[in-house]
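Residues per chain, in single letters:
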Amino acid sequence: GALAVALLAKQQGWKGLILPGENAPEAALIEGLDVRSSADLPAVVEFLQGQKDLPVTIAAPHSPTDSSTSPDFSEVKGQAYAKRALEIAAAGFHPALMVGPPGSGKSLLASTLPSILTELSFEESLVTSRIHALCQDKPIEGGLMRSRPFRNPHHSVSEAGLIGGGSWPRPGEVSLAHHGVLFLDELPEFRRPSLETLRQPLENHAVTIVRARQRMTFPARFLLVAAMNPCPCGKFGQAKDRCFCPSVAIQRYQSRISGPLLDRFDLKVEVPPLDFQELAATEPAESGARVRARVAQAQERQRRRLGPLGLLANSQMRNQELRRFCDLKGEALRLLERAVEKWELSARAYHRILKVSRTIADLEGVEEISAAHVGEAVAYRCPEDNRGQIPQARAL
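Let me begin by describing the structure that accompanies this report.

What counts and how
- Residues numbered from 1 in each chain as written.
- Predicted model: local features only at pLDDT ≥ 70, side-chain atom pairs only at ≥ 80, totals over all residues.
- Heavy atoms only, no water.
- Helix = DSSP H or I, 4+ residues; strand = E, 2+ residues; numbered from the N terminus.
- Rg over C-alpha atoms; globule rule 2.2 N^0.38 Å.
- Areas by Shrake-Rupley, 256 points an atom, 1.4 Å probe, with all protein chains shown as cover.
- Lys, Arg positive; Asp, Glu negative; His and termini not counted.
- Charge placed at Lys NZ, Arg CZ, Asp CG, Glu CD.
- Salt bridge = Lys/Arg side-chain N within 4 Å of Asp/Glu carboxyl O.
- Buried < 20%, exposed > 50% of the residue type's maximum accessible area, 1.4 Å probe, protein only.
- Disulfide = S-S within 2.5 Å.
- Arc of directions from axis to C-beta.
- Contact = heavy atoms within 4.5 Å.
- Phe/Tyr/Trp six-rings, centres within 6.5 Å; stacked < 30°, edge-to-face > 60°.
- Lys NZ or Arg CZ within 6 Å of the ring centre and 35° of its normal.
- Core = buried A, V, L, I, M, F, W, Y, C linked by side-chain atoms within 4.5 Å.
- Pairing = 2+ DSSP bridges.

1. Focus on the overall build of the chain
Counting its regular elements, the chain contains 18 helices and 11 strands. The C-alpha atoms of the chain give a radius of gyration of 24 Å, which matches the 21 Å a tight globule of 396 residues would have. Dimensions of the chain along its principal axes, counting C-alpha atoms only, are 80 × 50 × 45 Å. Carbon and sulfur atoms make up 52% of the accessible area of the chain, which totals about 19400 Å². In the chain, 49 positive and 45 negative side-chain charges are present, and the distance between their average locations comes to 4 Å.

2. Re the pattern of salt bridges
Two side chains carrying opposite charge are able to pair once their charged atoms lie near each other. Inspection of every chain in the model, using the stated rule, returns 28 salt bridges. Salt-bridge contacts for Glu203 lead to Arg348; the nearest nitrogen and oxygen are separated by 3.9 Å. Residue Glu203 is located in helix H10 (residues 199–204), and its partner Arg348 is located in helix H17 (residues 347–364); the two are separated by 145 residues in the primary sequence. Judged by relative accessible area, which is 29%, Arg348 ranks as partly exposed. The closest approach of N and O atoms between Arg294 and Glu286, which form a salt bridge, is 2.6 Å. For Arg294, a relative accessible area of 27% corresponds to the partly exposed category. The class of Glu286 is partly exposed, set by a relative accessible area of 30%. Several salt bridges converge on common partners, so that one network encompasses Glu203, Asp263, Arg264, Asp266, Arg348, Arg352 and Arg381.

3. Quick look at the state of the cysteines
All chains considered together, the criterion is met by zero disulfides. The thiol of Cys243 is unpaired, and the distance to the nearest cysteine sulfur, on Cys231, comes to 3.6 Å. Free of any disulfide, Cys245 has its nearest cysteine sulfur in Cys233, 3.5 Å distant. Here Cys245 falls in the buried class, since its relative accessible area comes to 18%.

4. Quick notes on helix H11 (residues 247–254)
Those residues of H11 not exposed but buried are Ala249, Ile250 and Tyr253. Down the axis of H11, the smallest arc covering the buried residues is 100°, so these residues share one side. When the buried face of H11 is taken as reference, the exposed residues oriented beyond 90 degrees from it are Ser247, Gln251 and Arg252. If you follow the buried residues of H11, they end up packed against strand E10 (223–228).

5. Quick look at the packing of aromatic side chains
Summed over the entire model, instances satisfying the criterion amount to two aromatic pairs. Ring plane angle 15° and centroid distance 5.5 Å describe the contact between Tyr81 and Tyr380, whose orientation is recorded as stacked. In this pair, Tyr81 is assigned in helix H4 (residues 80–92) and Tyr380 in helix H18 (residues 371–381), connecting sequence segments 299 residues apart. Here Tyr81 and Tyr380 have matching classes, each one buried. In this arrangement the basic side chain of Lys83 is found over the ring face of Phe73, its NZ or CZ atom lying 5.2 Å from the centre. Over the ring of Phe93 we find Arg221; its NZ or CZ atom is 4.4 Å from the centre of that ring.

6. Examining the nonpolar core
Among the nonpolar cores identified, the biggest contains 57 residues, and Leu86, Met98, Leu113, Leu223, Val225, Leu267 and Val374 are the most heavily contacted of them. Counting residues per element, this core draws most heavily on H4, at eight residues. Residues in contact with Met98, not counting those within four places in the same chain, are Leu86, Lys106, Leu109, Ala110, Phe183, Val225, Ala226, Ala227, Met228, Val269 and Val271. In terms of nonpolar packing, the next biggest core, distinct from the first, is built from 25 residues, Ile163, Leu195, Leu202 and Val207 among them.

7. Looking at the pairing of strand E11 (residues 267–270)
Here E11 shows no split at all, with Leu267 and Val269 on one side and Lys268 and Glu270 on the other all buried. One ladder, built from four bridges, connects strand E3 (residues 96–99) with E11; its direction is parallel. Counterpart to Met98 in the pairing with E11 is Val269.

Everything listed is a geometric property; what it means functionally is a separate question.
The structure is reproduced here in structure tokens:
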């Protein structure tokens, strides 16, 4: 917690800190604070009495994110539909749910997400590092986290482990994934009460934990990506493999995820099994660096548009921003109207389609949302008619 202590010391107007050598580089990241290190307390006493000097710790310069430890986006063969959806999710920080049989590549797709996410800014690194410093037994190497966090908790995680808590409140996985990715594999296997606790941080981007004598708020702005099988055996809906699960078992399996939580996923993507030609293909896929460049351009457009309003991504837009920046006209408006009537979409679904449409337009580098953008967003929201195909605008 040296980073948090240093920030508090600066806010309180203190001149500096004296810390053990291992903690000093972390605190030195705070500008305007005199940070010195000492190996023992007698040396501190001598320094305070003016009898000895202690070395000043200089912070290392902030370096770009290194995502080389994560698989590259190009390592995923086929699955153009799912990869396009994850590109949109990364650009606008839209929650995404992947549904497909075991072995179709859902976990690999999620693990490649860091390779297309933009670099952590210094301010993002500072906030993320403060959270992680509270949960680590040793200082973060270099004082700051360089890579966006990728958290992949096991489905047996408790509510406190997922959201945060304990007798002395500590951040949970949603806060440890701040400015990064929270991947929930085998989503229906998580305890339902734990999943329901996700609804509040998804809306408010923060978690508040109240105890008898204290109240703590941890930031929780994360990209939620989840994966699940369509049924207990994983073969339901597949053309080649027959599913033998009873309809009651399929319904019970899918009902482990509540409707309100499912409604908070902006993108719902089917990940079908690959055929032999896709598995044996030798032609290299598009690199993560190229996709990341498109994501970065789309996010820069969002920052220029939403930054003055205190927002960072399209997924954070409220009703007033939707009215201002997602004003549909002509065929785009009629297309969305037909979609709402056909699928009887909720108000939340309607707003989330607008947000995704805005992100698709930003990826294309245009300001006006067209019918093609709306059609693609609707298809990700109502994917049953788009099995394995990149959706296009079409008559609904």
